[in-house]
Amino acid sequence: MSEKAPLLHYRLTTSTGPEPKDVPKHSSAKAGRDGRRTKEKTAPKLGVVFGVVIPTLLSMFSVVVFLRIGFVVGQAGLYQSIAMFLVAYFIITMTVLSVCAISTNGALDAGGAYYMISRALGPEFGGSIGIMFFFANVCGSALYILGLVEAILSAFGIPEEGAAHVAGLHQVLPTGYWWSLLYGTVLLFLCFIVCLVGAHIYAKATFIIFIIVTTVLASIFISFFIVLPIVVILPDTSVFNSTSLSTANYTGFRLHTLEDNLLRNYTVDYTTGAMMSFATVFAVMFNGCTGIMAGSNMSGDLKNPSYSIPRGTLAAVLITFITYNMLSLMAAWSCDRCLLQRDYSFLGDINIWPPLVTVGIYSSTMSAAMSNLIGASRILYALSKDNLFGGVLALARKTSRSGNPWASVLVSWLLVQVVLFAGKLNTIAGIVTIFFLLVYAAVNLACLALEWASAPNFRPSFRCFTWHTCTLGILGCLIMMFLISAIYAFASIAFMLLLLMLIHYLGPISNWGYISQALIFHQVRKYLLMLDVRKDHVKFWRPQVLLMVANPRSCTGLMTFINDLKKSGLYVLGHVKLGLLDGLPSDPLQSRYDSWLSLVDHLNIKAFVNLTLADSVRHGVQNLLFITGFGGMRPNTIVLGFYDDCTPQDHLQGKILVSTGHGLDAVCPTKEPGEQRPPFFSIVRGAEELKDLQKEEYVSVIADAVKMGKNVTLARYFNQFNREEVLGSGRKIGGYQSMTGPFVDVWPLNLLRPDSCGYVDICSLFLLQLACVLQETRAWKQARLRLFLCVEAGCSLQEEEETKLRVMLKELRISAQVQMVAWDQVVALHWQRQGGKERGNLVESAQNEERMEREEKTEKENGIQTFPNNAAQLTDEYICAVNSLIHRHGAPKPAVRFLYLPRPPADTNRYSAYLHQVDLLSRDLGPTLLIHGVTPVVTTDL
């Protein structure tokens, strides 16, 4: 007989997913009246016995109790049979414990197993399992209908021509493929009518069937005690065994019969001709132990699911375990081994009224077919309500006035009818059972995930479970899957993964909550505590960047570039909104986070978002530098846009968010007429509008970051940076296509201090490290570093400096093209200006030098690395000459330049002059990073 499939049932009316788009909105009063009226019509009325115990017992017994008990005992013997039941019930008990735990953790809505899995593991896992559950029930219903047709034809069908026996008076039904299809269609239509009327009619029908099955079981137990020893005529098995006996004995309770049946005796199955083994017998027996979720799948029609499901399911499991073992013991005690192995329907042969067992087989099979049909319809209805597949399942959401999903019942009935055309479903039977086992494993996984996540809201009233029981349940289900059929097991898992990926990429975003987020939070918190800042070492340094963004519309190029530069480090987008919380009804930043996160998704960057409210930009940046990050994951580098007079450009105009389908324009219309969605981000600043901060405050931000031990990077002209053009398969240079990678130019000398002697300082090494980090990223692998060494042609240190630099690059494992740049004429401009000073200017210069020395001494005492700074003595002519020098050595044009950024002066009166000089230095250079490093980042140690 075909494998077992569990009963399945769902509530009809309660919505468990996102509201369908086409549902009209009503007034609250009318909605309240309609809700109360609907609730009165579809209120759950089933208790523990009718709602859980009876469906679970019918689902677990079915035809297996009548046709497979003798098979198991005859092949495996009593000892191994009991061992098989113990192992099988241990596996399903672990799953039952998980079901009880989830069902007692808050309100359980309609949907049963699908609802548990989807709400615990998310829509991807729940949707894929739900589809598999649906198809398993469709195929299972067809499986039982065909099995019932075969059983009816074997008893009442006209024998085929050439048959060995003569037709009896009761054998009047025509046989053949089309006749079998007709009988199956009629039986399926009867099931369809019951399911179409409603769940309560189905519950009454199953109760009648339960009475019949219970009566048959009672007659079987009575027959073992009152039927005298008889000789049973065995079925004709000459096809597989030419020397087979034609009769066997029912001895009644005899000790020698029990002794003969204690040990195993695996032989050929007379119905298939296959040699039996422990694995094959165990797989057949295990099918009779499934169906444990029939009660939980009735959750939508229970008065109190949290109360009924644990008690009813455990009671049903205990009853079936006792029944199976008692039947096994009585069969081994009273029947010859030959009778058990050669006649699987022996319970009818030894019954006080043999037709009664046949009635039990027909009734249980019809119940199983009906339960699978109504189960499939409820799964389809639950999937359509959750809107996981968009409008594909829109038709299945239609219900009657009483809430019965007639459209889902109709679709399920049509699919079962299509499967009936296959005629024989032996190949489908195995994979149907594996589908159900995969669902049970998913329930255990859901409970295990909830337990491991340690979520405060997971506190089920049923506490007889641990993560060990969940793990054993998962392993047991997976082992049984591969024991039944390894090929089908692999196929079902592959099918589930395919559905999971489709729903993940094509399905809508749900509001159920994702267990993956809870698990990630649990693990991240644990590992963040293990990330000890006291164990930091320069060998494992990586850039952890805080990028300050005034308006993301004008700096998308910079945001994508810094995403490449971070090298698997921390990347935070910071934004300061000017204002005070005093007088505001709520935090104005909370509503803006979704817009920023949508932008992160749109740009496909891996960044966090941190927003703050402050009375000034400087205080806001200070706040972010103080509080951003956790433990060892804190920004060590801050990136600022450059302060200049360039008019911002809107790079998000006309862009569409893939995740939501909404535009990124200043104002987005909503579906409600006359209503507008608030802008994602404010429009860019016009050329005539004032900035939010002045020059002095901007330089103060740089100085504050240096004081706090942060590396500072100023990004300029990144509105000209186009990542697709720079990193495309070929770059256009001078109108021709170049197949070489982009160039990255590095100027490691402090160009605003022409009297500097040496390149090996912390800031220069930081420049080299950042350039090397950029080159090591996957997108910039083809980039080539060009290192420019500025020397005076007549200087004796020229060769020495070049040799020293090349040795340093070799020790640091940095591959770069070193170019010597003679800047005698540029330096001459500086010294000529210094030599022509008047005495008063010389005195002022000496005073400046003395003041800077005092500043450097104080800063060194505070542990901050500084470098000599004579920026106050530089002329615009000299700086423009340096800028021109960089221009002349920029062929082919680089994708980005790295320049040395001097430390801001301690005297705030010189902030404007400092910014003016940096402006002249980097003017019209294209995308440029001006970098000031304060922390050691490279080492030559292993």
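Below: a short report on this structure. Keep in mind the model is a prediction, meaning the values are calculated, not measured.

Conventions adopted
Counting of residues starts from 1 at the beginning of each chain's written sequence and follows it residue by residue. Local features in a predicted model are, by the rule used here, given only for residues with pLDDT of at least 70; side-chain atom pairs are given and counted only at 80 or more, and totals for whole chains, interfaces and linings are based on all residues. Values reported for side chains reflect all heavy atoms of the structure, with hydrogen atoms and water molecules removed beforehand. Working definition: helices are DSSP H or I runs of at least four residues, strands are E runs of at least two. Numbering for both runs from the N terminus. Burial classes: relative accessible area under 20% of the type maximum marks a residue as buried, over 50% as exposed, and values in between as partly exposed (1.4 Å probe, protein chains only). In what follows, residue pairs with any heavy atoms lying within 4.5 Å of each other are defined as contacts. Per-residue and other accessible areas follow the Shrake-Rupley method at a 1.4 Å probe size, with only the shown protein chains counted as cover for residues. Take the residue count of a helix, subtract one, and multiply by 1.5 Å to get its expected span. Geometry is summarised by axes, namely lines fitted to C-alpha atoms with helices restricted to the contacting stretch, and by angles between N-to-C directions that run from 0 to 180 degrees. For classification purposes, an angle smaller than 35 degrees is called roughly parallel, one larger than 145 roughly antiparallel, one from 65 to 115 roughly perpendicular, and anything else oblique. In the scheme used here, Gly and all other residues not listed as nonpolar or charged are polar, with Ala, Val, Leu, Ile, Met, Phe, Trp, Tyr, Cys and Pro taken as nonpolar and Asp, Glu, Lys and Arg as charged.

If you tally the helices and strands in the protein, you get 30 helices and 16 strands. Within the span of the protein, comprising 942 residues, buried residues form 53% of the whole. Put simply, of all contacts in the protein between residues at least 6 apart along the chain, 81% involve residues at least 24 apart. Carbon and sulfur atoms make up 60% of the accessible area of the protein, which totals about 43700 Å².

Turning next to the side chain of D919. Structurally, D919 is set in helix α30 (residues 911-922). Residues contacting D919, with those up to four places away along its chain left out, are F642 and R716.

With omega at -10°, the peptide bond leading from A891 into P892 counts as cis. Phi at D924 takes a positive value of approximately 60°, unusual for a residue other than glycine. Summarising the element assignment, D924 is placed in the loop between α30 and β16 (928-932). Of the residues examined, D924 reaches a relative accessible area of 53% and is grouped as exposed.

The next thing to look at is helix α2 (residues 48-61). Over its 14 residues, α2 runs 18 Å from end to end, which matches the ideal 20 Å to within 8%, given 1.5 Å per residue. Across the 14 residues of α2, 11 count as buried, placing the element largely inside the fold. Burial in α2 covers these residues: G51, V52, V53, I54, P55, T56, L57, L58, S59, M60 and F61.

Turning our attention to the environment of Y505. Note on placement: Y505 falls in helix α18 (residues 486-506). Residues Y505 and E124, 381 residues apart in the sequence, show an inter-C-alpha distance of 9.2 Å.

Right, let's talk about the packing of helix α29 (residues 876-888) against α30 for a bit. Where α29 meets α30, the closest approach of the two axes is 7 Å, and the angle between their N-to-C directions is 30°. The angle between α29 and α30 falls in the class roughly parallel. Facing α29, whose interface residues are D876, I879, C880, V882, N883 and I886, α30 presents H916, Q917, L920, L921 and S922. Residues belonging to the contact of α29 with α30 are distributed by class as follows: 6 nonpolar, 4 polar and 1 charged.

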